[in-house]
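# A structural walkthrough
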Amino acid sequence: MKYQFRNEVTAMDFWRLVMRRTYRSTAGVCNLVFTAAMFVLVFRFWNTASDFYKGLMLFGCLLFPVIQPLVIYGKSRKQAAALPKGMELTFDEGGLHVKTREAASDIPWSSIGNVVKEAHMIVVFSDNVHGYLLTDRMLGGQKEEFYEYVCSRANIKK
């Protein structure tokens, strides 16, 4: 079996991944609790607060639902721009083969650290930090079949 994909990862793909992982973690729960507490403070103290404190309360209300996603999108744009153009990912019996205009790399199945299926993508980790995003756009209708194949070859428990 052989799967070949052209890398078409966008800033929005990185943004979705980071936001989804953030809000499915303890940090995301803390963000939600903080934001709810800020809205309670605004409701309770808006009329008696000075302009400085009103500004702080507004900033607190906007920090996680507006400012944080914008900052993450900015970082995602930089990350997407840093990706090599024309990257091709090939998965076959030998492992993962990454080819760019400048270089080529082979990653054996034994080096695949993890495979994570997210809502709009599959992430194949080559180590604990680095991975390759394969979006639903890239995978087409073969997402489930590809996920099963990669997990079985890399001996990953689903």
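Residues numbered from 1 in each chain as written. Predicted model: local features only at pLDDT ≥ 70, side-chain atom pairs only at ≥ 80, totals over all residues. Heavy atoms only, no water.

## Re the overall build of the protein chain
What the protein chain contains, in helices and strands, is five helices and seven strands. If you list the helices and strands of the protein chain from N to C, you get β-α-α-α-β-β-β-β-β-β-α-α. With the C-alpha coordinates aligned to their principal axes, the bounding extent of the protein chain is approximately 70 × 35 × 25 Å. In the protein chain, which comprises 158 residues, the proportion classed as buried is 37%. The long-range fraction of contacts in the protein chain, counting pairs at least 24 apart against all pairs at least 6 apart in sequence, stands at 56%. Within the protein chain, one finds 20 positive and 14 negative side-chain charges whose respective centroids are separated by 8 Å. (Helix = DSSP H or I, 4+ residues; strand = E, 2+ residues; numbered from the N terminus. Buried < 20%, exposed > 50% of the residue type's maximum accessible area, 1.4 Å probe, protein only. Contact = heavy atoms within 4.5 Å. Lys, Arg positive; Asp, Glu negative; His and termini not counted. Charge placed at Lys NZ, Arg CZ, Asp CG, Glu CD.)

## Remarks on the packing of aromatic side chains
Between two aromatic rings, the relevant description is the distance of the centres plus the angle of the planes. For the structure shown, the criterion picks out ten aromatic pairs. Residues Phe5 and Phe91 carry aromatic rings whose centres are separated by 6.4 Å and whose planes lie at 65 degrees to one another, so their mutual orientation is edge-to-face. Of this pair, Phe5 sits in strand β1 (residues 3-6) while Phe91 sits in strand β2 (residues 88-92), placing them 86 residues apart in sequence. Each member of the pair Phe5 and Phe91 is classed as buried. Each ring, one from Phe91 and one from Phe146, has its centre 4.9 Å from the other, and the planes form 75 degrees; the classification is edge-to-face. With Phe91 in strand β2 and Phe146 in helix α5 (residues 143-153), the pair connects residues that are 55 residues apart, well separated along the chain. For Phe91, a relative accessible area of 0% translates into the label buried. Each member of the aromatic cluster is reached from another via a ring pair, and the members are Tyr3, Phe5, Phe91, Trp109, Phe146 and Tyr149. (Phe/Tyr/Trp six-rings, centres within 6.5 Å; stacked < 30°, edge-to-face > 60°.)

## Examining the sheet that holds strand β7 (residues 131-135)
An order of β5-β6-β7 is seen for the three strands of this open sheet, with the pairing classed as antiparallel. For this open sheet the edge positions go to β5 (114-117) and β7, each flanked by a neighbour on one side alone. Pairs of neighbouring strands in the sheet enclose a mean axial angle of 15 degrees, with direction left out of account. Alignment of strand β6 (residues 121-125) against β7, held across five bridges, turns out to be antiparallel. Counted as the bridge partner of Ile122 is Leu134 from β7. (Pairing = 2+ DSSP bridges. Axes fitted to C-alpha atoms, helices over the stretch in contact; angles between N-to-C directions.)

## Concerning the packing of helix α1 (residues 11-23) against helix α3 (residues 51-82)
Contact geometry for α1 and α3: axes closest at 8 Å, N-to-C directions at 135 degrees. Between α1 and α3, the interaxial angle falls into the category oblique. Every pair of crossing elements has a handedness; the one defined by α1 and α3 is right-handed. Between α1 and α3, the contacting residues are Ala11, Met12, Phe14, Trp15, Val18, Met19, Thr22 and Tyr23 on the first element and Phe64, Gln68, Pro69, Ile72, Tyr73, Ser76, Arg77, Gln79 and Ala80 on the second. Of the residues that constitute the contact of α1 with α3, the class distribution is twelve nonpolar, four polar and one charged. (Parallel < 35°, antiparallel > 145°, perpendicular 65-115°, else oblique. Left-handed = near helix turned anticlockwise from the far one by under 90°. Nonpolar A, V, L, I, M, F, W, Y, C, P; charged D, E, K, R; others polar.)

## Points about the layout of surface pockets
One number sums up the size of the largest pocket: a volume of about 510 Å³. Put simply, the parts of the chain that give the lining of the largest pocket at least two residues each are α1, α3, β6 and β7. Looking at which element gives the most residues to the lining of the largest pocket, the answer is α1, with four residues. Each residue belonging to the lining of the largest pocket can be placed in one class, and the counts come to 13 nonpolar, five polar and one charged. (1 Å grid on protein atoms, 1.4 Å probe; cavity = no way out; pocket = protein on both sides within 12 Å on 5 of 7 lines; lining within 4 Å. Points joined across faces, edges and corners; volume = space filled by probe spheres on them.)

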